[in-house]
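Given next are the chains, with one letter for each unit.
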Amino acid sequence: MQKMLNLKVKYRESFRPFAPAVLRENVADWFELDCDSPYMLLVAGIKPERRRNMTQAEQKLWALIRLNVIRSEIPAVTHIDYSARVQTVHRDTNPRFHQLLQSFSGLTGCPVLVNTSFNVRGEPIVCTPEDAFRCFMGTDIEVLAIGTASCASRIRIRH
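Residues numbered from 1 in each chain as written. Predicted model: local features only at pLDDT ≥ 70, side-chain atom pairs only at ≥ 80, totals over all residues. Heavy atoms only, no water.

Draft legend 1. Expanded view of the overall build of the protein chain. Summing up its helical and strand segments, the protein chain has six helices and six strands in all. The C-alpha extent of the protein chain, read off along each of the three principal axes, is 50 × 35 × 30 Å. In the protein chain, of all internal contacts separated by at least 6 residues, the share reaching a separation of at least 24 is 51%. (Helix = DSSP H or I, 4+ residues; strand = E, 2+ residues; numbered from the N terminus. Contact = heavy atoms within 4.5 Å.)

Draft legend 2. The pattern of salt bridges, seen in detail. Tallying each qualifying case throughout the model produces seven salt bridges. A salt bridge links R52 to E58, with the nearest nitrogen and oxygen atoms 2.9 Å apart. Given a relative accessible area of 31%, R52 falls into the partly exposed group. Of the charged contacts, one joins R134 and D131 as a salt bridge, the two residues approaching to 2.9 Å between their closest N and O atoms. Within this pair, R134 and its partner D131 are both found in helix α6 (residues 129–137), separated by three residues, close to a single helical turn. For R134, a relative accessible area of 56% corresponds to the exposed category. Put simply, R24, D34 and D36 are held in one network by salt bridges that share partners. (Salt bridge = Lys/Arg side-chain N within 4 Å of Asp/Glu carboxyl O. Buried < 20%, exposed > 50% of the residue type's maximum accessible area, 1.4 Å probe, protein only.)

Draft legend 3. Molecular detail of the side chain of R12. Note on placement: R12 falls in the loop between α1 (2–10) and β1 (19–23). There is no salt bridge for the buried R12, and the closest opposite charge comes from E13, which lies 6.0 Å off by N-O distance. Excluding its chain neighbours within four sequence positions, the residues that come into contact with R12 are N6, L7, P17, F18 and R121. (Lys, Arg positive; Asp, Glu negative; His and termini not counted.)

Draft legend 4. Representation of the state of the cysteines within the structure. Tallied over the full model, the rule gives zero disulfides. Distance from the sulfur of C35, which forms no disulfide, to the nearest cysteine sulfur (C110) is 19 Å. In this structure C135 is a free cysteine whose sulfur lies 11 Å from that of C127, the closest cysteine sulfur available. In this structure C135 comes out as buried when scored by relative accessible area, which is 12%. (Disulfide = S-S within 2.5 Å.)

Draft legend 5. Layout of the packing of aromatic side chains. Under the counting rule described, the total for this entry stands at one aromatic pair. Ring centres 6.3 Å apart and planes at 40 degrees place the aromatic pair F133 and F136 in the tilted group. Here F136 and F133 lie together in helix α6, a separation of three residues that amounts to about one turn. Above the ring of F18, the side-chain terminus of R12 is found at 4.6 Å from the ring centroid. Positioned over the ring face of W30 is R50, at 3.6 Å from the centre of the ring. (Phe/Tyr/Trp six-rings, centres within 6.5 Å; stacked < 30°, edge-to-face > 60°. Lys NZ or Arg CZ within 6 Å of the ring centre and 35° of its normal.)

What follows is the structure in structure tokens.
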């Protein structure tokens, strides 16, 4: 996912990691952190039980190839040193995003999603629905949702 997002959406080097957004109540289950981090200002280690240690053969790979080795249960947000720049999502401060993470966790058992700005390399961050649509059309993003789930006419799906 990390490589695909970097190459097909962000148009940047494939090795750059993304930040995790995680339910505040589950942060300590996934990261070596147990406090609020709503602005991605804190870097924390991935919990050891969530890590995947590299084999001896993987450790001998050339550096750029070794970057593609899966290091944890959440590989798109795991840096080469098993750390991540964490954003905690609290029900009281961001109820809609919190509900999205809860729904995803209910489906997958994982309360963590990739978090990144909505823009491509060299462009400003999307600010309006028109900006969002332009950015969407210029990338390989598959789905764009604007508005609430009850506003189905505002959801665009590319086939």
